[in-house]
Amino acid sequence: MDSPKINRRDFLKAGLGLGAAALGVGAAAELAACGGPASSAAATGDAAVITDSSTDAGLTTIAVSTDQLIDGTGFTEVPLETYLVQSASYQLPRGCLLYQATPSTALVLAPAGEGKELVYFALLDLDTGKMEDILHGSVGASAATTAAAAAATAATPSSTATAAAATPTSAAFADAILYDARASESALVWTEFDLSSQAWQVYAASLSGAALGDPTLLDQGTSDYEVPKLCVSGAKVYWQVMPNASGAAQYQNSYLKAAVLGAQAPYIVYTSHGRMSTQPLASGKVLSFVPRVDSKNVYYRLAALSVDDDQPVASEIMPQSMKVSDAIYLDPGFAFGIEATYTAVGGIGAYGTYQELANAQWLFFPRPPFAAALAISATAGQLTVLKSSLSVVGLDVANKSYCLITPPSDCEDYGDAPSGWGAVDRIVLYTNTKATTANITQATIVRIFTPN
């Protein structure tokens, strides 16, 4: 039943037949101390930094015993229609990536199919299946485009810089391509990557339906820093800047940055003295991310902030050296994935997905984690939805039952991928049909499941 782990960009490369070379990518305080008001952070240009003990004294890590775990593999299977029904199915060009933008739309990174461009951006109406184009071609590579750069660019972050403006020339990004994006009901944030210099830029623009406003350049960096990971909630966009693990800046800080379109200049939300661990994710009005803890040894913090004011919602510290593959806050606690097995850490040492529940209990699903957890309410009960190897599984802790969404026939061996995360009101899955199977339509299959 298990299949190799494959990430979302692998979906695109599998669909287009591309390898990594084609992308040209180089390799004693609580959280309250990190989340100052947005206006304060923007005014100083400085980072809001946690102040943990450098000797590890006073650190309290997550402690879970095996008696606290509720193993989802012991649940009773019930028919899928007990909880969910398939409400729609669409075929898109093979190789698409989907990220749910609103309850009724998904952002599509579709294969460009010509020239050097890998993808273009489109918006899929989940109710009708209509796909409308948003952006074709890199903004940074266009000589006709001018934009204001952000304060404190990632390549040379400075605690004193408040408006270090820079406008890159078209020559500097002449070989740039669209790379990644996320969308909400009112904003699109995206990255561009220059194939020659391996430099990158972060842009954002207002979004009304499929109509894109004027792009604003928010940040830029060199190959010493990875192309930022993106997140958006309403009109607030986030990007996570980290040094390349083997580059010249490998010992530099990482930053979570943000901007509110039309209202606030870019600013540093959080500084991590070391590389962060996961993709930042927003569910509702809560942002989840996983920075390093300021300590002598390596610890990672599960952190949740309010999107409205950057104030802390929740914080947990993982046991020493434990890394999570994904993490999202689902009230009353975090759900996170572990890709390796760790010894001497109690009940959360095995690989799989863990979700904190009420009454000091934890849901545990011992399968390799693929993506962040989803939560959806149906008449029969509340489901935690996880990618489980080939299938997608919905786990109902209260009733100790589960249902399976099996992938379409003739799909790639890794099966479906969820396009959403956190609390949702429908499940949107997508997969590619096999490129080697004769007599089938070469497509990305999108299926939508709604509560019964």
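Attention here is on the structure that accompanies the text. Predicted model, so just to flag it, every value in this text is computed and none were measured. (Residues numbered from 1 in each chain as written. Predicted model: local features only at pLDDT ≥ 70, side-chain atom pairs only at ≥ 80, totals over all residues. Heavy atoms only, no water.)

Before going further, it helps to spend a moment on the nonpolar core. In terms of nonpolar packing, the biggest core is built from 76 residues, with Leu98, Phe121, Leu188, Trp190 and Val237 touching the most fellow members. Core analysis: the second largest hydrophobic core is formed by 22 residues, Leu302, Met322, Tyr354 and Phe364 among them. (Core = buried A, V, L, I, M, F, W, Y, C linked by side-chain atoms within 4.5 Å. Buried < 20%, exposed > 50% of the residue type's maximum accessible area, 1.4 Å probe, protein only.)

Enumeration over the complete set of coordinates arrives at eleven salt bridges. For aspartate 127, the salt bridge identified is with arginine 426, shortest N-O distance 3.1 Å. Remark: arginine 426 occurs in the loop between strand 30 (422–423) and strand 31 (427–432) and aspartate 127 occurs in the loop between strand 6 (119–125) and strand 7 (131–135); sequence separation between them is 299 residues. For aspartate 127, a relative accessible area of 51% gives the class exposed. Of the charged contacts, one joins aspartate 416 and arginine 447 as a salt bridge, the two residues approaching to 2.6 Å between their closest N and O atoms. (Salt bridge = Lys/Arg side-chain N within 4 Å of Asp/Glu carboxyl O. Helix = DSSP H or I, 4+ residues; strand = E, 2+ residues; numbered from the N terminus.)

This part is about the sheet that holds strand 4 (residues 97–102). Read from one edge to the other, the open sheet built from four strands follows the order 4-5-6-7, with strand pairing classed as antiparallel. Edge positions in the open sheet fall to strand 4 and strand 7, since each of these has one partner strand only. Across the sheet, the axes of successive neighbouring strands diverge by a mean angle of 30°, strand direction being ignored. Alignment of strand 4 against strand 5 (residues 105–111), held across five bridges, turns out to be antiparallel. Directly across from threonine 102, in strand 5, lies its bridge partner threonine 105. (Pairing = 2+ DSSP bridges. Axes fitted to C-alpha atoms, helices over the stretch in contact; angles between N-to-C directions.)

Moving on to the pairing of strand 21 (residues 326–330). With five of its five residues buried, strand 21 lies for the most part within the structure. What you see with strand 21 is no split at all: Asp326, Ile328 and Leu330 on one side and Ala327 and Tyr329 on the other are buried throughout. Note that strand 21 and strand 22 (residues 333–338) share five bridges and pair antiparallel. Of the residues in strand 22, the one forming a bridge with alanine 327 is phenylalanine 336. Hairpin connection from strand 21 to strand 22: two residues lie between these consecutive antiparallel strands.

Structurally, the position occupied by serine 277 is in the loop between strand 16 (264–272) and strand 17 (281–283). Between the C-alpha atoms of serine 277 and alanine 327, which are 50 residues apart in sequence, the distance is 9.3 Å. If we ignore the near neighbours within four places in the chain, the residues touching serine 277 are Val290, Tyr300, Lys323 and Val324. A polar side-chain atom of serine 277 sits 2.9 Å from the main-chain carbonyl oxygen of valine 324. (Contact = heavy atoms within 4.5 Å. Polar contact = N/O pair within 3.5 Å; in protein donor to acceptor, adjacent residues only side chain to side chain.)

Right, let's talk about the layout of surface pockets for a bit. Of the voids in this model, the second largest pocket is the one considered here, and its volume is about 490 Å³. Residue lining of the second largest pocket: 26 residues in total, with Gln100, Ala101, Thr102, Ala282 and Gly284 positioned closest to the centre. Only strand 4, strand 8 (176–183), strand 13 (229–233) and strand 17 provide two or more residues apiece to the lining of the second largest pocket. (1 Å grid on protein atoms, 1.4 Å probe; cavity = no way out; pocket = protein on both sides within 12 Å on 5 of 7 lines; lining within 4 Å. Points joined across faces, edges and corners; volume = space filled by probe spheres on them.)

Turning next to unusual backbone geometry. Cis geometry marks the peptide bond from aspartate 331 to proline 332, where omega comes out at 20°. For proline 332, the location among the structural elements is in the loop between strand 21 and strand 22. Located in the positive-phi region is lysine 400, a residue other than glycine, with phi close to 50°. Among the structural elements, lysine 400 can be located in the loop between strand 27 (391–396) and strand 28 (401–405).

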